[in-house]
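Per-entry structural report
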Amino acid sequence: SSGINAEYGGGNTRTIRQISWSPCGRKIATASFDSTTCIWEYRGEEWELDTTLEGHENEVKSVSWSRDGDYLASCSRDKSVWIWDVMEGGEYECASVLQVHTQDVKRVVWHPDEPTLVSASYDDTVKVFREFSDDWECVQSLVGHSSTVWSLSFNKSGDKFVTCSDDRTLRV
């Protein structure tokens, strides 16, 4: 196993909050308190910094690759969710900046089979996003928790997901 020194080669300069493997298995995205998302790529015998995605105004809390690897999502304390198009040749282009949460966003997770993104937030809500006519929109806002929604996870078939909250409950 080879290690990655996240500061080597100009990577993240502060604590890494969360990581996500790309579906191809050759890239890792990192969410950092330095407000960036770094993409690391396995080249030959070692991991190298591929690119640094900037735009969030505060620490990035979570990153998640779509199942097909066409999108990367990030979320932040700045209350936003960013969706990045993964372009041919390893370029990344911001497809959408979604500002629908009223507090910091703790987690983003892609549906296992569909181009649907779900976010969990300090505002006690869960938001569901889908793409329509080349623009991403919030299609559903789920309420029910009485405190911060920390995380969520889909089941294998994608017909259910579970959330966990500071209110000490799980909701399916």
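Above: the structure in question.
Residues numbered from 1 in each chain as written. Predicted model: local features only at pLDDT ≥ 70, side-chain atom pairs only at ≥ 80, totals over all residues. Heavy atoms only, no water.

**Observations regarding a negative patch on the surface**
Inclusion rule: In this scheme, patches are assembled from residues that exceed 30% relative accessible area and form no salt bridge. Like charges are connected within 9 Å, while nonpolar side chains (Val, Leu, Ile, Met, Phe, Trp, Tyr) are connected within 5 Å. All accessible-area figures derive from a Shrake-Rupley calculation using a 1.4 Å probe, and residue coverage is judged against the displayed protein chains alone. Any Lys or Arg side-chain nitrogen located within 4 Å of an Asp or Glu carboxyl oxygen qualifies as a salt bridge. Think of it this way: Lys and Arg go in the positive column, Asp and Glu in the negative one, and His and the chain ends go nowhere. The location of each charge is read from NZ of Lys, CZ of Arg, CG of Asp or CD of Glu. Under the scheme used here, helices are H or I runs from DSSP no shorter than 4 residues and strands are E runs no shorter than 2 residues, and both carry numbers assigned from the N terminus.
Residues Glu-131, Asp-134, Asp-135 and Glu-137 make up a contiguous surface patch of negative charge. When you line up the elements, Asp-134 lands in the loop between strand E11 (126–132) and strand E12 (135–142).

**Observations regarding the sheet that holds strand E4 (residues 46–53)**
Put simply, the test is: Note on pairing: two strands pair once DSSP finds at least 2 bridges between them. Orientation is described by lines fitted to C-alpha atoms, with helices fitted over the stretch in contact, and by angles between N-to-C directions that extend from 0 to 180 degrees.
With antiparallel pairing, 4 strands are arranged side by side in an open sheet as E1-E2-E3-E4. Two strands lie at the open edges of the sheet, namely strand E1 (16–21) and E4, each paired on one side alone. Taking each pair of neighbouring strands and ignoring which way they run, the sheet shows an average axis angle of 25°. Here E1 runs beside strand E2 (residues 27–32); their pairing, made up of 5 bridges, is antiparallel. Residue pairing in the sheet places Gln-18 in a bridge with Ala-31 of E2.

**Focus on the packing of aromatic side chains**
Formally: Whether two aromatic rings pair depends on their centres lying within 6.5 Å, for rings of Phe, Tyr and Trp, where Trp uses its six-membered ring; planes under 30 degrees apart make the pair stacked, over 60 edge-to-face, and the rest tilted. With a 1.4 Å probe rolled over the protein chains alone, any residue whose accessible area is under 20% of its type maximum counts as buried; one over 50% counts as exposed, and the rest are partly exposed.
Counted under the stated rule, the structure contains 8 aromatic pairs. Where Tyr-71 meets Trp-110, the ring centres are 5.7 Å apart and the plane angle is 20°; that geometry is what we call stacked. You can see Tyr-71 sitting in strand E6 (residues 71–76) and its partner Trp-110 sitting in strand E9 (residues 105–110), a full 39 residues away along the chain. Residue classification places Trp-110 among the buried residues on the basis of a relative accessible area of 5%. Ring plane angle 85° and centroid distance 5.3 Å describe the contact between Tyr-71 and Trp-136, whose orientation is recorded as edge-to-face. Pair noted here: Tyr-71 is in strand E6 and Trp-136 is in strand E12, with a separation of 65 residues, a long-range link.

**What to know about the pairing of strand E14 (residues 161–165)**
Of the two faces of E14, the one lined by Phe-161, Thr-163 and Ser-165 is fully buried and the one lined by Val-162 and Cys-164 carries no buried residue. Both strand E13 (residues 149–154) and E14 contribute to a ladder of 5 bridges, which runs antiparallel. By the bridge assignment for E14, Ser-151 is matched with Cys-164. The antiparallel pairing of E13 with E14 creates a hairpin that spans 6 residues between the two strands, and Gly-158 there sits at a positive phi of about 80°. Alignment of E14 against strand E15 (residues 170–171), held across 2 bridges, turns out to be antiparallel.

**Considering the pattern of salt bridges**
Under the criterion given, the structure shown has 10 salt bridges. Asp-113 is the salt-bridge partner of Arg-67, the closest N and O atoms lying 3.4 Å from each other. Note that Arg-67 is positioned in the loop between strand E5 (60–65) and E6 and Asp-113 in the loop between E9 and strand E10 (116–121), a separation of 46 residues in sequence. What makes Arg-67 exposed here is its relative accessible area of 59%. A salt bridge links Lys-106 to Asp-104, with the shortest nitrogen-to-oxygen separation between them at 2.7 Å. The burial state of Lys-106 is the same as that of Asp-104; both residues are buried.

**Structural notes on the layout of surface pockets**
Definition in use: The distinction between a cavity and a pocket rests on a 1 Å grid over the protein atoms alone: a 1.4 Å probe fits inside a cavity but cannot get out, while a pocket stays open yet meets protein on both sides within 12 Å along at least five of seven lines, and a residue with an atom within 4 Å of a point counts as lining. Grid points are joined across faces, edges and corners, and a volume is the space filled by probe spheres set on the points. Throughout this entry, Asp, Glu, Lys and Arg are counted as charged residues, while Ala, Val, Leu, Ile, Met, Phe, Trp, Tyr, Cys and Pro are counted as nonpolar. The remaining residues, Gly among them, count as polar.
Space inside the largest pocket adds up to approximately 230 Å³. In this structure, the largest pocket is lined by 15 residues; those nearest its centre are Ser-64, Trp-65, Val-109, Trp-110 and Pro-112. Contributing elements (two or more residues each) for the lining of the largest pocket: E1, E5 and E9. With 4 residues, the top contributor of residues to the lining of the largest pocket is E9. In terms of residue class, the lining of the largest pocket is built from 8 nonpolar, 5 polar and 2 charged. Contributing to the lining of the second largest pocket are Asp-124, Val-126, Leu-142, Val-143, Gly-144, His-145, Phe-161, Thr-163, Arg-171 and Val-172.

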